Amino acid sequence: MRIAIVGGTGDFGEGIAVRLGVHTDHEVIIGSRTAEKAVEAAVSYGNNIDDESAERIHGASNSRAASTAEIVILAVPPFHVRDTVRNLSEQLEETTLVTPAVGLTKDETGFHYQPPDEGSVTELVADAAPDGTPVVGAFHNLPAGQLADLETDLDVDTLVVGNDPDAREMIVELAEEITGVTAHEAGPITNAPEIEGITPLLINLAQYNEQLHDVGAKFC
């Protein structure tokens, strides 16, 4: 498959791109607002992996990346995600749209879950997406630092929500192509708040416990 990572020049974008590039046979397209920035990022990511894997990672504008992909991963901050989806609406009509974003606030005690009015970022994306475009929430709790560090052996779980069972199953299968990631179906999008709310807990654990740096989650 061809997988686009819209806003793929940030920490999470880099991590998911290199893992997909190394652990799968899919083509990965890094998206950014400018094609030049996306191409630079793709080259940079490729410099840190083997040549065969690097050949599967390319850069393009967000619009171009989304228009050629079967799966689009929205690696953009939650406060930009609605506008991003609306601006790419024509390019997203034939895709499955994946959002890992979580609404957060921070104060002197740590991070706290702050969902949008829709109830979750996943629901926000579903409301903004073109009619008929399956939306899946996944990858919320994968630590970006561990993803980008290929010398780190992953042992983490991700929970997958979506109203379209086929789309949900496809993203479960994609996630489990990444070595060390176990994916679990968690039902429809109405279950997204409970899943997104785990993220600030994990960040706070990492903040207060040095041995839990880049902590992920396991469900047994």
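- Going by the annotation in an unreviewed UniProt entry, the name recorded for the protein chain is NADPH-dependent F420 reductase, with Halogeometricum borinquense given as the source organism.

**Some details on the side chain of threonine 122**
- For threonine 122, the location among the structural elements is in helix α6 (residues 121-128).
- For threonine 122, a relative accessible area of 0% puts it in the buried group.
- Leaving out residues up to four positions away in the same chain, threonine 122 has contacts with Thr99, Val135, Val136, Gly137, His140, Val161, Ile189, Ala192 and Glu196.

**Things to note about the pattern of salt bridges**
- Counted according to the given criterion, the structure contains five salt bridges.
- Residue arginine 168 is joined to glutamate 185 by a salt bridge in which the shortest nitrogen-to-oxygen separation is 2.6 Å. Linking arginine 168 in helix α8 (residues 165-176) with glutamate 185 in strand β10 (residues 181-185), this pair joins segments that are 17 residues apart in sequence.
- The exposure class assigned to glutamate 185 is partly exposed, which follows from its relative accessible area of 44%.
- One continuous salt-bridge network, built from bridges that share partners, spans Asp155, Asp157 and Lys218.

**Some remarks on the layout of surface pockets**
- By volume, the largest pocket is sized at about 710 Å³.
- What lines the largest pocket is a set of 30 residues, among which Phe12, His140, Leu142, Ala144 and Thr199 lie closest to the centre.
- Elements supplying a minimum of two residues to the lining of the largest pocket: α1 (11-23), α7 (144-148) and α10 (198-208).
- The dominant element in the lining of the largest pocket, judged by the number of residues it contributes, is α10, at five residues.
- Looking at the lining of the largest pocket, its residues break down into 19 nonpolar, eight polar and three charged.
- Considered as a void within the structure, the second largest pocket measures approximately 430 Å³ in volume.
- Gly7, Arg33, Asn62, Val76 and Thr84 are, among the 18 residues lining the second largest pocket, the residues nearest its centre.
- Elements that contribute at least two residues to the lining of the second largest pocket include exactly α4 (62-67) and α5 (78-87).
- If you tally residues by element for the lining of the second largest pocket, the top one is α5, at four residues.
- Split by residue class, the lining of the second largest pocket holds four nonpolar, 11 polar and three charged.

**What about the environment of valine 22?**
- Summarising the element assignment, valine 22 is placed in helix α1.
- Look at valine 22 and you get partly exposed, because its relative accessible area is 28%.
- In this structure, the C-alpha to C-alpha distance between valine 22 and alanine 54, residues 32 residues apart in sequence, is 8.0 Å.
- Setting aside residues up to four positions removed in sequence, valine 22 forms contacts with Ile49, Asp50, Ser53, Arg56 and Leu150.

About the thresholds
Residues numbered from 1 in each chain as written. Predicted model: local features only at pLDDT ≥ 70, side-chain atom pairs only at ≥ 80, totals over all residues. Heavy atoms only, no water. Helix = DSSP H or I, 4+ residues; strand = E, 2+ residues; numbered from the N terminus. Buried < 20%, exposed > 50% of the residue type's maximum accessible area, 1.4 Å probe, protein only. Contact = heavy atoms within 4.5 Å. Salt bridge = Lys/Arg side-chain N within 4 Å of Asp/Glu carboxyl O. 1 Å grid on protein atoms, 1.4 Å probe; cavity = no way out; pocket = protein on both sides within 12 Å on 5 of 7 lines; lining within 4 Å. Points joined across faces, edges and corners; volume = space filled by probe spheres on them. Nonpolar A, V, L, I, M, F, W, Y, C, P; charged D, E, K, R; others polar.

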